[in-house]
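Single-letter residue listing:
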Amino acid sequence: MTTTQAPLFAPTFLRKLDRLALLTRRAMAGEMQGERRSPRRGSSVEFADFRPYTRGDDIRQIDWNLYARMERFFLKLMVAEEELTIHLLLDNTGSMDWGEPNKLMYARRVAAAFGYIALSSLDRVTVTALAAGPAQQLPGVRGKRGAFPLFDFLQNVPGGAGGNLQATAKRYVQAARNTGPLLLCSDLLDPEWKEALRTLSTRPFEITLVHILAPQELRPDIDGDFRLLDAEGGASLEITADLEVLRQYDEHLREWRAEIEQFCSGRGINYIFADTSVPVEDFVLANLRQRGVVR
Amino acid sequence: MSLLAPLALISGLIIGPIIVAMYLLKLRREERRVSSTFLWQRVVRDVEANAPWQKLRRNILLLLQLLLLLLLVLALARPFFRTTGIAGRNLIIIIDRSASMSATDGAPTRLDAAKQQALTLIGQLPDDGRATVIAAGGQTENLVSASTDRRQLRAAITSIQPRTGGGSDLTPALTLAAALSSREAESEIAIISDGNVRPLDTLPPVPATVRYFPIGQRSANVAVSAMAMQPSAAGQTLFAQATNDGPEAATRRLDLYLDDQLFNAYNLTIAPGADQSVVVEVPSQVRKAEARLVDETASDALPLDDRGWAVSTLGEATTVRLLSPGNRFLEVGLSRLPGIKVTVVPTSTATFTESAAQVPLTILDGIVPPTLPPGNLFFIAPPRSTEFFSVTGQVDFPTLRPTPGDDRLLRNVKLSDVSVLKANRIQPGTWARTVVDGDGGPMLVAGERDGRRIVVLAFDLHNSDLPVQIAFPLLLSNIVSELVPGSGADTAQLAPGQPLALLVDSSITTVRITHPDGTVVTPELRNGQAIDSATDALGVYIAEQFQGEKLVARQRYAINLFDAAESKIAPQAALNVPQVSGLQQATTSERVGRQEFWRWLAALALVVLIVEWLVYQRNGIAYLRQRWRTWRARTAG
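Residues numbered from 1 in each chain as written. Chains lettered and ligands numbered in written order. Predicted model: local features only at pLDDT ≥ 70, side-chain atom pairs only at ≥ 80, totals over all residues.

**What about the packing of helix α1 (residues 11–18) of chain A against helix α3 (residues 103–120) of chain A?**
All names here are of chain A. The test is simple: Whenever a helix is involved, its axis is fitted only over the stretch in contact; in every case the axis is a line through C-alpha atoms, and angles between N-to-C directions fall within 0 to 180 degrees. Secondary structure follows DSSP: runs of H or I at least 4 residues long count as helices, runs of E at least 2 residues long count as strands, and numbering of each begins at the N terminus. Here roughly perpendicular refers to angles of 65 to 115 degrees, roughly parallel to angles under 35, roughly antiparallel to angles over 145, and oblique to all remaining angles. Left-handed describes a crossing whose near helix is turned anticlockwise from the far helix through less than a right angle; right-handed describes the clockwise counterpart. Remark: residues whose backbone-derived C-beta atoms lie within 7 Å of one another are considered to be in contact.
For the pair α1 and α3, the least separation of the axes is 9 Å and the interaxial angle reads 50°. Overall, the two elements α1 and α3 adopt an arrangement that is oblique. Note on packing geometry: the crossing formed by α1 with α3 is right-handed. Taking contact as the criterion, the partners of Leu14, Leu17 and Asp18 in α1 are, on α3, Ala113, Tyr116, Ile117 and Ser120.

This is the structure in structure tokens:
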């Protein structure tokens, strides 16, 4: 079902994305000079603080006007402006490559939009696919030039493999060099979704969870006797779907979503629900903005 | 339980596995790939935890289909029970509808139970079987003859109404049935009765199997067995008698009503088989008396005979003309008869001016006038021939031989001790029936000709010892009752079913007879008689004669059951009917009937089919229910 050749976006949408910027709730340290305030002090034009001179300090930073007034040496510290590393985590397990419209395609587009916004504000973007097997990762692109490898990578993320969300999340958390805004696009259809989210929140990422479900999952249109085959190769299940069972399903789905939302709010995770029947453009321009993820 | 068509079970063996195979094929459920069974697992776990039969539910359709198949196959195999019933193809049903069948120990009465039994027999009739329905008791009626139309048979059986009068004589019915069955092989006669019938032993052997279906359980019954109201010195004497026909002593309250007002009540305790009577003086203006037996223990099985009626005969004396050279016996005997006023006319009288309505009876004792008077005639030793009979001589010392049978004139009369010196030899016309035969000629003949009733006694009373016998007043009373209906000893007492015949004058234009239930009958006047034969209901009948608009006479008649044979209601377990096969007793409880019940199985199969369809469509039904709920919630809100 992977529509590899389909373009992710229309050009007009990209122009709209240019006007958006990622919001972070707190300053985060980066590696290279960028456009984001860093918790570190550095060499921008923005004043941050004074501090008494100690031996070994760069004498170029002494504020001579202050010395003239107080006859003591003070260093004038400036706010450092560094780049941010945006972590895009894409759940491409079997369950995601399903639905009409396809959930994986939706996740690709959300990740691409998010990544493009980040790139246009000179941030570093790393993309990781969370399926089992050899880790698929785009190590880090920066600047608008990086949009092409980003889109290219996203378009080529394969779907359909099984996977353990928790294990891959753990691996990612251990390997990530620095923290930053983290976007997780997943359907969380994994018995260990809680552990996975808990693992991610062990490091101070600023996590945004885009919970993607297809309309066929929200309102299953089955009636009669079926054998349900798990897309990730799990145990199949025989059901006799009638209204009562569908009502139960609906109830469980609601409970499950409420549980996720509660779990996320308890750990400072920004939870955004996405129904793939809503066009990606509307979702990004309206929902993400509304939830304070982009500006 | 046995099967008529056991081969049909094989179809079940064939179709059953096909259903199972098809179900197994269908059981390969449609496969549907879903993103994850993660959410579904929780649902299935919940649903199965909430309803333990959920696991069964997936098989419920198969089970229902197999049940449906089982029922249909069983129905095809035509199972039946052996019941008491019939086995033949030509069935003749005789239903007893006599008074004793009105006992309330059936469902609700014996007759209803008998009808039910008859309907069951019709149901057991083989497909090409024919049935005849005969209702016995009173007049025998052949309701349906050799019909295969079940609806017609059922309608005929249902239409049978009880007959209070006429007794229960199955002889004509059985004779008819025997004649019908002799034409057809495999005939069976079913007698549905309580067995209280006249003995059938003397019948010629019946050429068919006779089965007897006894009806009824209880035998407790106390009846009002006699009732009369006679003029007396102070007014009237009312006599009521209750007889216990049950097997145990019974206690009853006898309520006496005079002109529909409660007069007195008596507590009676009567030994089985015994009777107890109440004699009470009542005022002379009382026209009508009724006795009711009230059973406080509700053990009386036959309410029909718990009521009796008597009407007053006071002041309604009938004039009887007596032409006699002087007959002390006759004068005394007639004067003792209630309601009779005797006018003695000289023997020389040649013309009679009074009409038949004024003088309904003339007694010609040893005299035959040149012109016979109008009305009914009672000849005693007629000296010469008349238009009705011829006198051809004399018989000396004739012996009296009453003709067999129960002639009304000989009721309670015993003539065996009567000796006659000499009698006239009489040759009556064809109108007459011989009541008492003698050597050389009939001694007593009776009959009806041109609307006139005539009785001829062949010997002079002075030439016999009859007047000094107890038989004389009884015979006289019977003869006067016969000749003057509505008078005599049993004044205005009639048995149910007996036609009410009124002798009316030619000046009478209309006769109205009011029945106990209030209906009014105006019988046609023919030959100076008005006859109402619909006298099956018990109670007091009022007959009124009109001249134009003017009421000229009113008579009351009490119709009472007073039939000891019908009041004995103890059901008989066996019935003796001689049969060609040598059997002397009708078979009672041989289990030869086949009660098929495939219809019930088929009906059950239909129900299962509906249930199966509902189960199959349960989603649609639940959807409709949900729609209904939301609609109601919306309209309520």
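**Examining the interface of chain A and chain B**
Convention followed: Lys, Arg, Asp and Glu make up the charged group, whereas Ala, Val, Leu, Ile, Met, Phe, Trp, Tyr, Cys and Pro make up the nonpolar group; the residues left over, Gly among them, are polar. Pairing between two strands is assigned when DSSP locates at least 2 bridges connecting them.
On the chain B side, the residues contacting the 33 residues of chain A number 25 residues. Contributions of two or more residues to the side of chain A that touches chain B are made by β8 (224–230), β9 (237–241) and α8 (243–266) of chain A. The element contributing the most residues to the side of chain A that touches chain B is α8(A), with eight residues. Across the side of chain A that touches chain B, the residue classes break down as 16 nonpolar, six polar and eleven charged. One ladder, built from five bridges, connects β8(A) with strand β2 (residues 30–34) of chain B; its direction is parallel. Within β2(B), the position partnered with Leu228(A) by the bridge is Arg32(B).

**Description of the nonpolar core**
Residue and element names in this part refer to chain B. Spelled out, the test is: As used here, a nonpolar core is made of buried Ala, Val, Leu, Ile, Met, Phe, Trp, Tyr and Cys residues. They are joined through C-beta atoms within 7 Å. Here the C-beta atoms are placed from the backbone, and a residue counts as buried if at least 20 other C-beta atoms lie within 10 Å of its own, exposed if 12 or fewer do, and partly exposed otherwise. All the domain ranges listed were derived from an automatic or database domain assignment.
Within the largest apolar cluster, 90 residues are counted, with the highest numbers of intra-cluster contacts made by Ile93, Ile94, Ala190, Ile191 and Ile192. In terms of residue count, the dominant contributor to this core is strand β9 (residues 222–231) (seven residues). Residues from two domains meet in this core; each of domain 2 (85–217 + 571–590) and domain 4 (493–559) gives at least three. Once you skip the residues sitting within four places of it in the chain, Ile93 turns out to touch Ala118, Leu121, Ala131, Thr132, Val133, Ile134, Ala190 and Ile192.

**What to know about the sheet that holds strand β14 (residues 288–294) of chain B**
All names here are of chain B. The sheet built from four strands is open, its strands ordered β12-β11-β14-β15 with antiparallel pairing. Where the open sheet ends on each side, the last strands, each with one partner, are β12 (261–270) and β15 (307–311). This sheet shows a mean twist of 20° between the axes of neighbouring strands, independent of strand direction. As defined by bridge partners, β14 adjoins β15 across five bridges and the pair is classed as antiparallel. Within β15, the residue paired with Lys288 across the bridge is Val311.

**Let's talk about the confidence of the model for chain B**
If pLDDT is low for a region, its predicted coordinates should not be looked at in detail. Rules: The quantity called pLDDT is the predictor's confidence in a given residue, expressed from 0 to 100.
This prediction gives chain B a mean pLDDT of 84; 95% of its residues lie at or above 70. Interface confidence for the predicted complex, expressed as ipTM, amounts to 0.79; the pTM equals 0.54.

**Points about the sheet that holds strand β26 (residues 493–494) of chain B**
All names here are of chain B. The five strands are arranged β26-β33-β32-β28-β29 in an open sheet whose pairing can be described as mixed. Edge positions in the sheet fall to β26 and β29 (520–521), since each has one partner strand and no second. With nine bridges connecting them, strand β32 (residues 539–547) and strand β33 (residues 550–559) associate as antiparallel partners. When the bridges of β33 are listed, Gly539 appears paired with Ile559.

**Topic: helix α8 (residues 328–335) of chain B**
Residues and elements named next belong to chain B. To keep things clear, this is the line we draw: The reported arc concerns the directions from the helix axis to the C-beta atoms and nothing else.
Within α8, burial applies to Leu330, Gly333 and Leu334. Viewed end-on, α8 has its buried residues packed into an arc of 95°, placing them on one side of the element. Across from the buried face of α8, at angles greater than 90 degrees, the exposed residues are Arg328 and Ser335. Where α8 is buried, its residues meet β16 (318–323), β17 (340–345), β18 (361–365) and α9 (471–483).

**Regarding the pairing of strand β8 (residues 209–214) of chain B**
Each regular strand displays side chains that alternate between the two surfaces of the sheet. Taking burial as the measure, the six residues of β8(B) include six buried ones, the bulk of the element. Across the two faces of β8(B) the burial is the same, with Thr209(B), Arg211(B) and Phe213(B) and Val210(B), Tyr212(B) and Pro214(B) all buried.

**Looking at the environment of Val344(B)**
Residues and elements named next belong to chain B. Among the structural elements, Val344 can be located in strand β17. Judged by local crowding, Val344 falls into the partly exposed class, with 16 C-beta atoms found within 10 Å. C-alpha separation for the pair Val344 and Arg321, spaced 23 residues apart in sequence, amounts to 6.0 Å. Excluding residues within four positions of it along the chain, Val344 makes contact with Leu322 and Ser324.

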